[in-house]
Amino acid sequence: MNFDFSDEQKQMRDAARKFLTEKCPPKAVREVLDGKATYDKALWTGLAEMGFLGVAIPEEFGGAGAGHLELCVIAEEMGRALAPVPFASTVYLAAEALLLAGSDAQKQKWLPKIASGEAIGTLALFEGKGNPSPQAIKLSASGGTLNGVKKPVPDGAIADFAIVAARTGSTGRDADISLFLVDLKAGGVEVRSLTNIDPTHGQAELTFKNCKAEPLGAAGDGWSILTQVLDRAAVLVAFEQVGGSDRALEMGRDYALDRIAFGRPIGSFQAVKHILADMYVSATLARSNCYYGAWALSTNASELPEAAAAARISATQAFQHCSKNNIQVHGGMGFTWEFDCHMYYRRANATAVTLGSLSYWEDQLIDRMRKKNAA
Amino acid sequence: MNFDDTPQEAEFRATARKWVAANAPKEFEEELSKSSLGRIRLAKHDMVEVGKTWQKKKAEGGWACLHWPKEYGGRGATPIEKVIWQQEEGVYGKLTQPFQIGEGMCGPTVMAFGTEDAKRRYLPKLASGEEIWCQLFSEPAGGSDVAGLRTRAEKQGDNWVINGQKIWTSGAHYSDYGLLITRTDPNVPKHKGLTMFFLDMKSKGVEVRPIKQANGMQEFNEVYFTDVVIPDSQRLGAVGDGWSVSLTTLMNERMSIGSRLATGLPEMFEFCSNLMTDDGLAIDDPATRSKLASWAVKASGLKYTSYRAISALSKGERPGPENSIGKLVSGTMLQDIATYAMDLEGASGALTGLDEETASGQFQQMLLSSPSMRIAGGTDEILRNIIAERVLGLPGDIRVDKDVPFNKIPTKGR
């Protein structure tokens, strides 16, 4: 059994950590947090130069052609550093949708630009409150034009193109949904930035008015493609969540060693130790579930739907648990703007609901386990 | 990343599988498969006797304590081969329960500190199950605080005379030998005055009394020592070094990778899939689904954490500290699952008859037994301290009794 990343993949993780430690310190994250920039453009260019944006994109489309295990280790580091760039929307959502369902021309047009950092992509799925479901998609498509409103769209205000889920039928079945690719710079889309709890990742409302769009994948295949894209993105986002969990745990541990109260380091009190031990437990469970998700993703295994849901749930719980208790260990200082604890807390709770919330994935996991048990 | 055996591992697995297929006591397969929670009862046979027969057969075939050296009854196998064997032994591994303390804790301690004569005399019989060993550490005044133990050993000529009491000794009633930690010097701080021995459990002055537990069963014992004589040749390690010897024993306990910890998840998933409530199947209820999903990712998290440790063994590396979370996670989970299963049954949830309701009383039994899972072998709180101090590197608590002679430490409050 070799249920671990290879030495080369671990080297790539080290390289990504070194790069991000240097190029993405908390100070850089705060530039975006404080609204001085919409995202870190220099970091985005640097990620392209390192080959990280196209790590899982085949060489024929301008990528490094490495694979998804390599993308997983980079994702972990992106989460750890709270990188304020549209990595998840562009790489996990848009690029994965193109790879799964794009025509050769679509791939040729967009994937090289993703890899080089020239194009930011996103997925426009949600239309207000609620979790992913075909019934919730009202935006209509007819004759190659789209009409309707999508919100929230991750990184929608800075994206160059979007994969848009649209209604093309009214039979009440999954086949009513089709996907479209929209060049957001070509007109027909009104963009409005939305405020959200994690300003280091923007959210937007996109209003489509007789907007020209080209189909992505076959008509009626939209929901099936979306399900696969969400599963793949769930594993990758889960790695970001694990990276964030580990960092929050380290911050709490370091503070507990450093902070003296009642004449001793607070980390010598059992009440504090047990908080940190429980953080370690949740982060460890999440990491192990994520490794299984990584295996399923990289081999396109039939176990992917169940593995992705488990990784997503476990990593969401761990990041929420670690980031809130990191604040608790820090006490009052943890609740200041100056300390970085709140940046992890914001990211953890924003990430917990993008791609569908915890209760959605819990529901998915149970459905998928039942299917497996029945088979 | 893959789950495949290396060619050598595959060959070893095939050999093990073939041997198990040819030799295992298949007449017990069904009964063993059904018993969960590490609690094994065979309707018409004595567990220990059936276990001894299986262990003897394994020893003759070279499959007992297989990571031990051959001269002491093992096979000289690698750690990963031991894990593969456990996987192939499957449900029959449950029969080895009476020997696990000997194999996992007493044997390694004798191996590390015993004389060559002692190792050759005792280890092969321990490995073959002909002689069963128990571990005599905990005391009424020394549970989590093991070093607070009070059982005295006093030197008389070439012998030691033991007086005192141990508690929570699993299997003492059927054990032949015991690993015993005692206090030999009460005038020095508590960790410094301890010495380790092994003894014949049939020695004069040893009295084993079963403890009736909170769940109504009797698996543990109290062991009383009245002027029990142990020859100095049965001392393990130097006089006063008992604490560091005991750490060897306890370290071995925590290295048991690939062992199967029950979580209750498979039983609960099946129960919820079949239980009809007033609002339909339990598993269709959103609140139940949410709980099930949280338990499911804990169970899968533990499974894949152990796979990570196995992978390290396969590469010849030392596994990381991740495996230390196992009992901490599974103990609470068993208790929570049992409580919720009873909740789903409504008023009938309190009934315990085997013929009651769909789950034939298994969750009620789980409920009553689960408190011990959070205490035995290190309480949840001690395990959290271990993670915090040894994994995360936090400082130890301030110990008010650390530098005080043992006989000056207060024994009651106020």
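Residues numbered from 1 in each chain as written. Chains lettered and ligands numbered in written order. Predicted model: local features only at pLDDT ≥ 70, side-chain atom pairs only at ≥ 80, totals over all residues.

(A) Geometry of the overall build of chain A. Along the backbone of chain A there are 11 helices and 10 strands. If you line up chain A on its principal axes, its C-alpha atoms span 75 × 50 × 40 Å. Residues counted as buried form 56% of the 375 residues belonging to chain A. Long-range pairs, those at least 24 residues apart, make up 74% of the contacts in chain A with a sequence separation of at least 6. (Helix = DSSP H or I, 4+ residues; strand = E, 2+ residues; numbered from the N terminus. Buried ≥ 20, exposed ≤ 12 C-beta atoms within 10 Å, placed from the backbone. Contact = placed C-beta atoms within 7 Å.)

(B) Spotlight on the interface of chain B and chain A. On the chain A side, the residues contacting the 38 residues of chain B number 40 residues. Of all the secondary structure elements, the ones that give two or more residues to the side of chain B that touches chain A are helix H8 (265–274), helix H9 (286–314), helix H10 (326–344) and helix H12 (380–391) of chain B. Top contributing element to the side of chain B that touches chain A by residue count: H9 of chain B, with 16 residues. Here the residues of the side of chain B that touches chain A are counted per class, giving 21 nonpolar, 10 polar and 7 charged. (Nonpolar A, V, L, I, M, F, W, Y, C, P; charged D, E, K, R; others polar.)

(C) Region of the structure containing the domain arrangement of chain A. Residue and element names in this part refer to chain A. Taken domain by domain, chain A consists of domain 1 (7–89 + 102–117), domain 2 (122–220) and domain 3 (223–374). Relative to domain 3, the C-alpha centre of domain 1 lies at a distance of 21 Å. Each partner contributes residues to the interface: domain 1 has 16 residues there, and domain 3 has 17 residues. Looking at the side of domain 1 that touches domain 3, the elements with two or more residues in it are helix H2 (26–33) and helix H4 (68–80). When residues of the side of domain 1 that touches domain 3 are assigned to their parent elements, the largest contribution, 10 residues, is made by H4. Tallied by class, the residues present in the side of domain 1 that touches domain 3 amount to 10 nonpolar, 3 polar and 3 charged. (Domains from an automatic or database assignment.)

(D) A look at the packing of helix H7 (residues 222–258) of chain A against helix H8 (residues 270–299) of chain A. Residues and elements named next belong to chain A. In the contact formed by H7 and H8, the axes pass within 9 Å of each other and the chain directions differ by 155°. If you check the angle between H7 and H8, you find them roughly antiparallel. In the packing of H7 onto H8, the handedness of the crossing is left-handed. Contact residues: H7 offers Arg232, Val235, Ala238, Phe239, Gln241, Val242, Ser245, Asp246, Leu249, Gly252, Arg253 and Ala256, while H8 offers Val272, Leu276, Met279, Tyr280, Ala283, Ala286, Arg287, Cys290, Gly293, Ala294 and Leu297. (Axes fitted to C-alpha atoms, helices over the stretch in contact; angles between N-to-C directions. Parallel < 35°, antiparallel > 145°, perpendicular 65-115°, else oblique. Left-handed = near helix turned anticlockwise from the far one by under 90°.)

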